[in-house]
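Spelled out from the first residue to the last, the chains are:
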Amino acid sequence: MSVLDHKIDFAVILSVRNANPNGDPLNGNRPRQTYEGLGEISDVCLKRKIRNRLQDMGEAILVQSDERRDDGYRSIKERVDANADVQEFAKGKKQNNELYAQAACKSWMDVRSFGQVFAFSGGTDASSGVSVGVRGPVSIHTALSVEPIAITSTQITKSVNSVTGKDPNKKGSDTMGMKHRVDFGVYVVYGSINTQLAEKTGFTKDDSEKIREALRTLFENDTSSARPDGSMEVHNVFWWKHQSKLGQYSSAKVHRSLKIKLNDDVVEGKSIDDYTWTIEPLEGLEPQRYVGQ
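Residues numbered from 1 in each chain as written. Predicted model: local features only at pLDDT ≥ 70, side-chain atom pairs only at ≥ 80, totals over all residues. Heavy atoms only, no water.

Engineer: I'm lost on the nonpolar core in this one. Help?
Structural biologist: For soluble globular proteins, the rule of thumb is that nonpolar side chains tend to be buried together. Within the largest apolar cluster, 35 residues are counted, with the highest numbers of intra-cluster contacts made by L14, I50, I140, Y187, I193, I211 and L215. Where this core is concerned, the elements lending two or more residues are β1 (8–19), α1 (43–56), α5 (109–114), β7 (138–140), β10 (176–193), α7 (205–216) and β11 (232–241). Top contributing element to this core by residue count: β1, with 6 residues. In this structure, I193 is in contact with L4, K7, I8, F10, P137, V138, F203, S208 and W239, ignoring residues within four places of it in sequence. (Core = buried A, V, L, I, M, F, W, Y, C linked by side-chain atoms within 4.5 Å. Buried < 20%, exposed > 50% of the residue type's maximum accessible area, 1.4 Å probe, protein only. Helix = DSSP H or I, 4+ residues; strand = E, 2+ residues; numbered from the N terminus. Contact = heavy atoms within 4.5 Å.)

Structure representation (structure tokens):
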């Protein structure tokens, strides 16, 4: 496969209905918000979902969530230690950080896409430790909602005690809890793929198409009690393919060309139909539009 030789910018329009797209553990797991009240989905959360989709497609992934691991290894270090191609350049006479990074990029798609820091202690022998950094070509912004979101919080009662208290007939405090949800919100995600970094990690055109497909089907196989099936939906993926490695325009200008706003006759958005999107034309750069699944 040929290495990616043209810059790519992209944007994703998605909606959330009666779901918690990304809870904040430091705020009682409430949906993330900016100080202005806009909803947020962190870039880390989005990359996790992309990794899961790539894993569903059969790609080898280094940073796997514990409940989705498919190779029996419980940590990144175990997965790296078990890879003979990578370990060949980890220590001894063949130790070479550049070849180590190349082997890691070849072994795992998320490493050659997003990059990774390999920092493992060598135990009592500090000289045998590993410290290798890989910068990936795919960058993703934090998703922000178009309008401030409304959050509904509901107190819930669990059906069972987690532990037996002093009085086994009395329900413990752990049976009470809170659930939070975004009533409705439209979010926009922006991102780019850098060709210079793609050359270093071996990121290919085929890899870029897999990233695009992962974005288009971002919430497939992502069901949870906080995100029931159908509550999160990708509506559009806009994909700008530049004609050169550096691109005809800056990513900021390309991202700004997408305009999405609440319709003039609507006070509060209740569905995706209450919003209108337009793209300002950029000479020589026409985006491809892919409808979400």
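Having seen the structure, we can now continue with the description.
Engineer: It is not clear to me how the pattern of salt bridges should be interpreted in this structure. Could you clarify?
Structural biologist: A side chain with one charge can pair with a side chain of the opposite charge if their charged atoms come near. This model, assessed by the stated rule, comprises 22 salt bridges. E88 is the salt-bridge partner of K94, the closest N and O atoms lying 2.9 Å from each other. Among the residues examined, K94 registers a relative accessible area of 49% and is labelled partly exposed. With a relative accessible area of 35%, E88 lands in the partly exposed category. Each of R53, D56, R68 and E220 takes part in one network of salt bridges that share partners. (Salt bridge = Lys/Arg side-chain N within 4 Å of Asp/Glu carboxyl O.)

Engineer: Which parts of the structure should I look at to understand the packing of aromatic side chains?
Structural biologist: For any two aromatic rings, the description comes down to two numbers: the centre-to-centre distance and the angle of the planes. Under the counting rule described, the total for this entry stands at 5 aromatic pairs. Ring geometry for Y100 and F118: centres 5.6 Å apart, planes at 80°, overall edge-to-face. Taken together, the residues span a long stretch of sequence, with Y100 in helix α4 (residues 97–107) and F118 in strand β5 (residues 115–120) at a distance of 18 residues. Given a relative accessible area of 1%, Y100 falls into the buried group. The class for F118 is buried, based on a relative accessible area of 0%. Ring centres of F118 and F120 lie 6.4 Å apart, and the angle between their planes is 75°; this geometry places the pair in the edge-to-face category. (Phe/Tyr/Trp six-rings, centres within 6.5 Å; stacked < 30°, edge-to-face > 60°.)

Engineer: What's the story with the packing of α1 against α7 in this structure? I'm lost.
Structural biologist: Where α1 contacts α7, the two axes come as close as 9 Å, and the packing angle between them is 110°. Considering their axes alone, α1 and α7 lie roughly perpendicular with respect to each other. Classified by chirality, the crossing of α7 by α1 is right-handed. Contact with α1, carried on its side by I50, R53 and L54, involves K210, I211, A214 and L215 of α7 and no other residues of that element. Residues belonging to the contact of α1 with α7 are distributed by class as follows: 5 nonpolar, no polar and 2 charged. (Axes fitted to C-alpha atoms, helices over the stretch in contact; angles between N-to-C directions. Parallel < 35°, antiparallel > 145°, perpendicular 65-115°, else oblique. Left-handed = near helix turned anticlockwise from the far one by under 90°. Nonpolar A, V, L, I, M, F, W, Y, C, P; charged D, E, K, R; others polar.)

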